[in-house]
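Fold and geometry: a report
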Amino acid sequence: MSNKQHGPAPTKWALDGREQDLIHYIYGRPDIKDIKGQPSKVLSAIDDYHRKFNMLMNIGSAKGQHIVNVINERKPSTMIELGVYVGYSAILFGNAVRSQGGKQYFGIEKNPEMAAVANQLVELAGLRDIVRILVGSSDEVLKELVQDKVINQIELIFLDHWQERYLPDMWLLEELNLLKPNVSVVIADNIIMPGAPEYRRWVEATTAQKRQIVTSDGSGALSPNPDLGYETILTKFDTDFGPDAVTITRVVGEDKA
Ligand SMILES: C[S@@+](CC[C@H](N)C(=O)[O-])C[C@H]1O[C@@H](n2cnc3c(N)ncnc32)[C@H](O)[C@@H]1O
């Protein structure tokens, strides 16, 4: 067998075998039969592993509850997540969407190995009917969902992949005309740690400031829509990884002036 590695290299915090070890830990627990079909118990088991063995880059309970509150208020029929990892947020938010009468939760994950782990935990949580994990890069999968007429607008989307992708993917949502005034809400994690300064500048800017940003900085191959008006609220949290913040951005209008 060749020694060639096809997947991404391990880091200090992930992809060193801990995600597979998590699955063994959960399936090896004496209470596995009680966990089955119970999203909150699957989440508690992931939290136990994170606390006792290896830290996992999950949204966690405090930021998670903050976002569940938005789901409960917005009651989306469809929610999309960019960056699934082992499926913690997909289980928490997929369950909340279903509890509010929603129909679909698409989790987009570019690492097929992480998608496999997430799929197994989604299955264990009994959320197969609502949560679908789509393997691929966020931009490619979003374009496919539009081309295939699976989505034509964003109700609620959660950005939690790599922070340098936040602004290009936000611009892609604008270019694809998926963001609708008084309908769409965009949530983003890790705004302080590791930080997403260019994304934050965009979602906190006025339409006039956004036109200026596009004119002065350019937007590469993408066609953002600076005319969309955003209202962004930033909420700070103390996390196991240090101080961080989540932004909630509501699309509130379109300034054609
Ligand atoms: C912080 S973790 C996600 C944590 C997860 N949302 C949770 O709270 O349980 C980031 C994930 O984004 C994935 N990712 C990075 N870039 C991506 C991209 N362009 N498209 C889709 N997934 C991506 C990584 O493979 C990783 O699994």
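Residues numbered from 1 in each chain as written. Predicted model: local features only at pLDDT ≥ 70, side-chain atom pairs only at ≥ 80, totals over all residues. Heavy atoms only, no water.

Observations regarding helix α4 (residues 61-74)
Here α4 contains 14 residues, and its C-alpha end-to-end distance of 20 Å stays within 8% of the 20 Å for a straight helix at 1.5 Å per residue. Listing the buried residues of α4 in full gives K63, G64, H66, I67, V68, V70 and I71. Contact partners of the buried residues in α4: β1 (78-82), α5 (88-99), β4 (156-159), β5 (185-188), β6 (228-239) and β7 (242-254). The positive-phi residue at the C-terminal boundary of α4 is K75, with phi of around 50°. (Helix = DSSP H or I, 4+ residues; strand = E, 2+ residues; numbered from the N terminus. Expected span 1.5 Å × (residues − 1). Buried < 20%, exposed > 50% of the residue type's maximum accessible area, 1.4 Å probe, protein only. Contact = heavy atoms within 4.5 Å.)

Overview of helix α3 (residues 39-52)
In this model α3 runs 20 Å from its N-terminal to its C-terminal C-alpha over 14 residues, within 8% of the 20 Å that 1.5 Å per residue would give. Three or more residues of α3 are buried, namely P39, V42, L43, A45, I46, D48, Y49 and H50. The inward-facing, buried residues of α3 contact α1 (18-27), α2 (32-35), α5 and α6 (112-125).

A look at the pairing of strand β2 (residues 104-109)
Among the six residues in β2, five count as buried, and that is most of the element. For β1 and β2, the ladder comprises five bridges, and the chain directions are parallel. Across the sheet, the residue bridging to I80 is F106, located in β2. In terms of handedness, the path from β1 via α5 over to β2 forms a crossover that is right-handed. In the sheet, β2 pairs with strand β3 (residues 131-135) via five bridges, with the strands oriented parallel. When the sheet's bridge partners are listed, F106 is paired in β3 with R132. A crossover connection joins β2 to the parallel β3 through α6; in handedness this β-α-β unit is right-handed. (Pairing = 2+ DSSP bridges. Right-handed = clockwise from strand over helix to strand, strands pointing away.)

Observations regarding the site of the ligand
In the vicinity of the ligand, 19 residues are found, and the nearest of them are I59, G83, S89, E109 and D160. At 3.4 Å, a backbone N or O of Y85 approaches an oxygen atom of the ligand. Within the contact set of the ligand, a nitrogen atom lies 2.9 Å away from a side-chain nitrogen or oxygen of S89. For the ligand, whose free accessible area comes to 610 Å², the fraction covered by protein is 96%. Going through the elements one at a time, α5 and β2 are the ones with two or more residues in the shell around the ligand. Broken down by class, the residue content of the shell around the ligand amounts to seven nonpolar, eight polar and four charged. (Near = heavy atom within 4 Å. Polar contact = N/O pair within 3.5 Å; in protein donor to acceptor, adjacent residues only side chain to side chain. Areas by Shrake-Rupley, 256 points an atom, 1.4 Å probe, with all protein chains shown as cover. Nonpolar A, V, L, I, M, F, W, Y, C, P; charged D, E, K, R; others polar.)

Comments concerning unusual backbone geometry
A negative phi angle is the norm for most residues apart from glycine, just as the trans form is the norm for most peptide bonds. Here the bond from M193 into P194 is cis, since omega is 5°, no more than 30 degrees from zero. Note on placement: P194 falls in helix α9 (residues 191-195). With a phi close to 65°, L15 is a non-glycine residue in the positive phi region. Note on placement: L15 falls in the segment before α1. Residue class for L15 comes out partly exposed when judged on its relative accessible area of 23%. Of note, Y85 is a non-glycine position whose phi angle comes to about 55°, a positive value. Assignment of secondary structure puts Y85 in the loop between β1 and α5. Owing to a relative accessible area of 7%, Y85 belongs among the buried residues under this scheme.

Points about the packing of aromatic side chains
One pass over the structure, following the stated rule, counts seven aromatic pairs. Ring geometry for Y25 versus Y49: centroids 5.6 Å apart, planes at 50°, classification tilted. On the criterion of sequence distance, the pair formed by Y25 in helix α1 and Y49 in helix α3 is long-range, its members being 24 residues apart. In terms of burial, Y25 and Y49 fall into one category: buried. Between Y166 and Y199, the aromatic rings sit 5.5 Å apart at their centres with planes inclined by 80°, giving edge-to-face as the arrangement. One end of the pair, Y166, is in helix α8 (residues 166-175); the other, Y199, is in helix α10 (residues 197-204), with 33 residues separating them in the sequence. Y199 shares its class with Y166; the two are buried. The rings of Y25, Y49 and F53 are connected pair by pair, giving a single aromatic cluster. Positioned over the ring face of W202 is K210, at 5.4 Å from the centre of the ring. (Phe/Tyr/Trp six-rings, centres within 6.5 Å; stacked < 30°, edge-to-face > 60°. Lys NZ or Arg CZ within 6 Å of the ring centre and 35° of its normal.)

Keep in mind that these numbers describe shape and distance, not what the molecule does.
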